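Residue-level structural notes
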Amino acid sequence: MLHMIVKNSEDFDFRLTVTDVLKGQGIDPERASSRLYEAAQAVIGEAEALVEPAAIYTVVDVIELDHQTVRFEAGQFVGSLVQKTVAGADQLYVAICTIGETLDNRVDQLMRENPVSAIALDGAGIAALRKVSQIIEALISRETGELGLSLGMRAQPGQEGWPIEQQREVFKLLPAREIGVRLTESCLMIPRKSVSFVIPRGDNLSNAAVPCDFCSKRSRCEWRKEKQIV
Ligand code: SF4
């Protein structure tokens, strides 16, 4: 199966801001104390030096959508969120993004010495992963636009209505080791700061909805309020 690997620094030419780092920690920048603000500011340089962004993605043809099951040549996804995501799609983009494990190793080390800085650095890593996935989404969006097609709602295994075990289907489609990502027995990705996602492609799709719109936790979820899912 054909796949694209993106891992040049030019492809991921982004800078982190204090706002990014605070949001990465789940903190509202408007309400951050000066101590947290300064801690966020202080880790930006180190975070930017430690991130090792990489991504891999492919496109698969949808063979059939039967109720909550979408079938493609190499496997299937099943779930209520799958149905909402895939309805009307002819193809699916399937992607994995990571920032590597060097930053997380530094967070673990720093946690023993300076927990406030460690948590800020962790937030910077989350913010960086968010930027990597946004860059890949933009690339996919540009590719789709050039073909005169449209994208639907992005979603991923592990969100409500899409069992985390289906990460195995994602990893069957993509040689994730080529970007240094592997799946544990319990379907967690290593490095920890990695994310997978699926975006449907078709003639007349809309990406106005997000998985939060269908999630039972939406009324109390801080992440949703910020629209900050990675
Ligand atoms: S509401 Fe919260 S838990 Fe539910 S999908 Fe959105 S971010 Fe995730």
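It should be noted that the structure appears before, not after, this text.
Predicted, not measured: the structure shown is a model, and the values here were computed from it. (Residues numbered from 1 in each chain as written. Predicted model: local features only at pLDDT ≥ 70, side-chain atom pairs only at ≥ 80, totals over all residues. Heavy atoms only, no water.)

Counting its secondary structure elements, the protein chain contains seven helices and nine strands. Relative to the globule expectation of 17 Å for 230 residues, the C-alpha radius of gyration of the protein chain, 18 Å, shows essentially globular dimensions. In terms of its C-alpha atoms, the protein chain occupies a principal-axis envelope of roughly 55 × 40 × 35 Å. When each of the 230 residues of the protein chain is scored for burial, the buried share is 47%. Here the protein chain has roughly 11,700 Å² of accessible surface; of this, 47% comes from carbon and sulfur atoms. Here the protein chain contributes 26 positively and 32 negatively charged side chains, and the mean placements of these two sets differ by 6 Å. (Helix = DSSP H or I, 4+ residues; strand = E, 2+ residues; numbered from the N terminus. Rg over C-alpha atoms; globule rule 2.2 N^0.38 Å. Buried < 20%, exposed > 50% of the residue type's maximum accessible area, 1.4 Å probe, protein only. Areas by Shrake-Rupley, 256 points an atom, 1.4 Å probe, with all protein chains shown as cover. Lys, Arg positive; Asp, Glu negative; His and termini not counted. Charge placed at Lys NZ, Arg CZ, Asp CG, Glu CD.)

Further remarks concern the packing of aromatic side chains. If you walk through the whole model with that rule in mind, you get three aromatic pairs. Between the aromatic rings of Tyr 57 and Tyr 93, the centroid separation amounts to 6.0 Å while the plane-to-plane angle is 55°, which identifies the pairing as tilted. Within this pair, whereas Tyr 57 is found in strand S2 (residues 54–66), its partner Tyr 93 is found in strand S5 (residues 91–98), the two being separated by 36 residues in sequence. Here the two residues Tyr 57 and Tyr 93 agree in accessibility, since each one is buried. Measuring from centroid to centroid gives 5.0 Å for Phe 77 and Trp 162, while their planes differ by 65°, and the two rings are edge-to-face. Of this pair, Phe 77 sits in strand S4 (residues 75–78) while Trp 162 sits in the loop between strand S6 (150–151) and helix H6 (167–173); the two residues are 85 residues apart in sequence, bridging distant segments of the chain. (Phe/Tyr/Trp six-rings, centres within 6.5 Å; stacked < 30°, edge-to-face > 60°.)

Here we take up the pairing of strand S9 (residues 194–202). Summarising burial for S9: nine of the nine residues are buried, a large majority. Residues Ser 194, Ser 196, Val 198, Pro 200 and Gly 202 of S9 are buried on one face, and the alternating residues Val 195, Phe 197, Ile 199 and Arg 201, pointing to the opposite face, are buried as well. With eight bridges joining them, S5 and S9 adopt antiparallel strand pairing. Pairing of Ala 95 across the sheet is with Phe 197, part of S9. Of the strand pairs in this sheet, S6 and S9 are connected by two bridges, and their pairing is antiparallel. By the bridge assignment for S9, Leu 151 is matched with Arg 201. (Pairing = 2+ DSSP bridges.)

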